[in-house]
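Fold and geometry: a report
So you can see what is in the structure, the chains are spelled out below.
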Amino acid sequence: MESLFLQILAEEAQKGNKPSNTFRAVSIKRVATTISEKFQVQCDVKHVENHLRTVKNTWKTICTIREESGLGWDDNMKMITCDRVTYDAAVTIHPKYAPFLNKKIEFYDEMALVVGQDMATGSFAKTFADIDLDNAAECSLPLNFDNEDVAEERTKVSSSGTSKRKRKNLQESVDDDHIQFVGEKLGEIAEALKKFTEDKTPHLYEEVMSMEKEGFDDDFLCGAFDFLAKNEFEAKAFLAKKTKHRKIWLQKFTQG
């Protein structure tokens, strides 16, 4: 779903439907309609706009990290690179940097078109028609690389004196208030992107049916599951609730 979301907006940007820093209404509506029809979920313009803000925050974080002293960039892999010493220093000061260091940034070119100022070249050759929608979720998770192996292949270990200067630069070069805000949101963004693509149906069934121990009838719970399976946002809200709140929701569902 994340792949489809970004690919449609990237195509709309290429068509000139992003005259400034916002998309035309027709582009946002196209995303909502396509996702709703493809995944059989309720996706409206508000959902698209909210997720677009999430993507913008992710992009700002990536750009902030790329400006840090002592970090490299692999344009072929779309990956922020650094040696082990620099990595340790960076994540010690900013733990939320970890998901973006020495890991391929999925959909980087698409994000550049959708929310960035850069125009992607080379690797962004696919159009909306080229997407394998059935396999979109499989390619949406970030690839993990061993920090030490990447360091050996792409960078040279710095001297201890250089390392001290890097630590100082990392600490002093970023506005503390901005990084604190970004740090709080990074975990939410990563989790949201992951949940955006995962198939939660088996897990949803188990969680709903587990409420039988709270006194709910098996047939009733099957009906509640069928309803939630067809309403993605309702299902996500149900899974996020504690047992007592799930019980309240089910009681209201009975009355409805």
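Please refer to the structure placed before this passage.
Report follows, based on the coordinates.

Things to note about the packing of helix α11 (residues 232-240) against helix α12 (residues 243-255)
- Look at α11 against α12: their axes get within 8 Å of each other, and the N-to-C directions meet at 140°. With respect to α12, the element α11 is oriented oblique. Of the residues in α12, those in contact with Glu234, Phe238 and Leu239 of α11 are Arg246, Trp249 and Leu250.
- Of the residues contributing to the contact of α11 with α12, the split by class is 4 nonpolar, no polar and 2 charged.

Thoughts on the pattern of salt bridges
- Counted by the stated rule, this structure contains 9 salt bridges.
- Its salt-bridge partner being Arg84, residue Asp88 comes within 3.4 Å of it at the nearest N-O pair. Taken as a pair, Asp88 and Arg84 lie in helix α4 (residues 84-93) at a separation of 4 residues, close to a single helical turn.
- Accessibility expressed as a relative area gives 33% for Asp88, which makes it partly exposed.

A closer look at a negative patch on the surface
- There is a patch of like negative charges on the surface, built from Glu212, Asp217, Asp218 and Asp219.
- Inspection of the secondary structure assignment puts Glu212 in the loop between α9 (201-209) and α10 (218-229).
- Accessibility expressed as a relative area gives 43% for Glu212, which makes it partly exposed.

Quick look at the environment of Leu204
- Mapped onto the secondary structure, Leu204 falls in helix α9.
- C-alpha separation for the pair Leu204 and Phe225, spaced 21 residues apart in sequence, amounts to 7.5 Å.

A closer look at α12
- Look at α12: 19 Å from first C-alpha to last across 13 residues, which is about the 18 Å you get at 1.5 Å a residue.
- Along α12, the residues classified as buried are Arg246, Trp249 and Leu250. Projected down its long axis, α12 carries its buried residues within an arc of 100°, all on one side. More than 90 degrees from the buried face of α12, the exposed residues found are Lys244, Lys252 and Gln255.

Here we look at the nonpolar core
- Among the nonpolar cores identified, the biggest contains 38 residues, and Phe5, Leu9, Ile35, Leu52, Leu101 and Val114 are the most heavily contacted of them.
- Those elements that place two or more of their residues in this core are α1 (2-14), α2 (25-39), α3 (45-66), α4 and α5 (108-114).
- The element that contributes the greatest number of residues to this core is α1, accounting for 7 residues.
- Counting residues in hydrophobic clusters, the runner-up holds 13 residues, among them Phe216, Leu221, Ala224 and Trp249.

Quick word on the environment of Leu6
- Here Leu6 lies in helix α1.
- Taking the C-alpha atoms as reference, Leu6 lies 9.0 Å from Leu52; in sequence the two are 46 residues apart.
- Other than its neighbours up to four places away in sequence, Leu6 contacts Val55, Phe107, Glu110, Met111 and Val114.

Overview of α4
- If you check which residues of α4 are buried, you get Thr86, Tyr87, Ala89, Ala90 and Val91.
- A distance of 3.2 Å separates the backbone nitrogen of Val85 from a side-chain oxygen at the start of α4, and that oxygen is part of Asp83.

Looking at the packing of aromatic side chains
- Summed over all chains, the structure comprises 9 aromatic pairs.
- Here Trp59 and Tyr108 contribute two aromatic rings whose centre-to-centre distance is 5.1 Å and whose plane-to-plane angle is 45°, an arrangement assigned as tilted. Of the two residues, Trp59 sits in helix α3 while Tyr108 sits in helix α5, which places them 49 residues apart along the sequence. One exposure class covers both Trp59 and Tyr108, and it is buried.
- Between Phe238 and Trp249, the aromatic rings sit 5.5 Å apart at their centres with planes inclined by 70°, giving edge-to-face as the arrangement. Of this pair, Phe238 sits in helix α11 while Trp249 sits in helix α12; the two residues are 11 residues apart in sequence, bridging distant segments of the chain. For the pair formed by Phe238 and Trp249, the shared burial category is buried.
- Among the aromatic residues, ring-to-ring pairing joins Phe216, Phe220, Phe227, Phe238, Trp249 and Phe253 into one connected group.

Cut-offs and rules
Residues numbered from 1 in each chain as written. Predicted model: local features only at pLDDT ≥ 70, side-chain atom pairs only at ≥ 80, totals over all residues. Heavy atoms only, no water. Axes fitted to C-alpha atoms, helices over the stretch in contact; angles between N-to-C directions. Helix = DSSP H or I, 4+ residues; strand = E, 2+ residues; numbered from the N terminus. Parallel < 35°, antiparallel > 145°, perpendicular 65-115°, else oblique. Contact = heavy atoms within 4.5 Å. Nonpolar A, V, L, I, M, F, W, Y, C, P; charged D, E, K, R; others polar. Salt bridge = Lys/Arg side-chain N within 4 Å of Asp/Glu carboxyl O. Buried < 20%, exposed > 50% of the residue type's maximum accessible area, 1.4 Å probe, protein only. Patch = residues over 30% accessible without salt bridge, like charges linked within 9 Å, V, L, I, M, F, W, Y side chains within 5 Å. Areas by Shrake-Rupley, 256 points an atom, 1.4 Å probe, with all protein chains shown as cover. Lys, Arg positive; Asp, Glu negative; His and termini not counted. Charge placed at Lys NZ, Arg CZ, Asp CG, Glu CD. Expected span 1.5 Å × (residues − 1). Arc of directions from axis to C-beta. Core = buried A, V, L, I, M, F, W, Y, C linked by side-chain atoms within 4.5 Å. Polar contact = N/O pair within 3.5 Å; in protein donor to acceptor, adjacent residues only side chain to side chain. Phe/Tyr/Trp six-rings, centres within 6.5 Å; stacked < 30°, edge-to-face > 60°.

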